[in-house]
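Close look at the chain arrangement
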Amino acid sequence: QQPLAKWQGNYYELAGTHIKVYPVGNEDNSALWFVDIDVLKVIGQKPTLMLESTFRAHEYGPILGTRQHGFSEEGIEKLLRANDHCESMRLLMWIQREVVKPHRRRLAIASSG
């Protein structure tokens, strides 16, 4: 548990691939950003310079407070819906169900409490 303590709440795993997720913004209204290398590994791709010209700044770019680049919730959906890899839709459904939905639920509970 101790080696993963720094990843608590930011560390997810899908089919043996670790996917790092960072909340960006204030605690009451944070958006999730997904590390590009991790996501692209699942769909058999690698980051390229084309990503910055394909996605808008609010969809893909540097993740604030880290040295990582990644996709916003909007960007990840755009990427995965446009990709024909057999794992794309599975990854998108997993992200929505296991990462985004619980995150939003925690935000709603925190703001109402």
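1. What to know about the side chain of T17
- Secondary-structure assignment places T17 in strand β2 (residues 17–24).
- Given a relative accessible area of 12%, T17 falls into the buried group.

2. A word on the pairing of β2
- The buried fraction of β2 is high, at 6 of 8 residues.
- As defined by bridge partners, strand β1 (residues 11–14) adjoins β2 across 4 bridges and the pair is classed as antiparallel. Among the inter-strand pairings, L14 is bridged to a residue of β2, identified as T17.
- Between β1 and β2, which follow one another and run antiparallel, lie 2 residues, and A15 among them has a positive phi close to 50°.
- Pairing of β2 with strand β3 (residues 31–35) involves 4 bridges; the strand directions are antiparallel. Residue pairing across strands places V21 opposite F34, the latter belonging to β3.
- Joining the antiparallel neighbours β2 and β3 is a turn of 6 residues, in which G25 adopts a positive phi near 120°.

3. Remarks on the pairing of β3
- A large share of β3 lies buried, amounting to 4 of its 5 residues.
- Pairing between β3 and strand β5 (residues 69–72): 3 bridges, direction antiparallel. Counterpart to V35 in the pairing with β5 is G70.

4. Brief notes about helix α4 (residues 88–112)
- Its 25 residues give α4 an end-to-end C-alpha distance of 34 Å, which sits within 8% of 36 Å, the value for a rise of 1.5 Å per residue.
- Remark: the principal bend of α4, roughly 35°, maps to Q96.
- Considered for burial, the residues of α4 that qualify are S88, L91, L92, W94, I95, V99, V100, P102, H103 and L107.
- Each element contacted by the buried residues of α4 is listed here: β1, β2, β3, α1 (36–42) and α3 (73–82).

5. Considerations on a positive patch on the surface
- A grouping of R97, K101, R105 and R106 is seen on the molecular surface, where their side chains present a positively charged patch.
- Structurally, R97 is set in helix α4.

6. Here's the deal with the sheet that holds β1
- Read from one edge to the other, the open sheet built from 5 strands follows the order β1-β2-β3-β5-β4, with strand pairing classed as antiparallel. Both outer strands of the open sheet, β1 and β4 (60–62), are each paired with one neighbouring strand and no more. Recorded for the sheet is a direction-independent mean angle of 40° between the axes of neighbouring strands.
- Of the strands in this sheet, β3 and β5 touch α3, which is tilted by about 85° from β5.

Thresholds, definitions, all that
Residues numbered from 1 in each chain as written. Predicted model: local features only at pLDDT ≥ 70, side-chain atom pairs only at ≥ 80, totals over all residues. Heavy atoms only, no water. Helix = DSSP H or I, 4+ residues; strand = E, 2+ residues; numbered from the N terminus. Buried < 20%, exposed > 50% of the residue type's maximum accessible area, 1.4 Å probe, protein only. Pairing = 2+ DSSP bridges. Expected span 1.5 Å × (residues − 1). Bend = angle between axes of the 7 residues up to and from the residue. Contact = heavy atoms within 4.5 Å. Patch = residues over 30% accessible without salt bridge, like charges linked within 9 Å, V, L, I, M, F, W, Y side chains within 5 Å. Areas by Shrake-Rupley, 256 points an atom, 1.4 Å probe, with all protein chains shown as cover. Salt bridge = Lys/Arg side-chain N within 4 Å of Asp/Glu carboxyl O. Lys, Arg positive; Asp, Glu negative; His and termini not counted. Charge placed at Lys NZ, Arg CZ, Asp CG, Glu CD. Axes fitted to C-alpha atoms, helices over the stretch in contact; angles between N-to-C directions.

Function-wise, these values are silent; they only describe arrangement.
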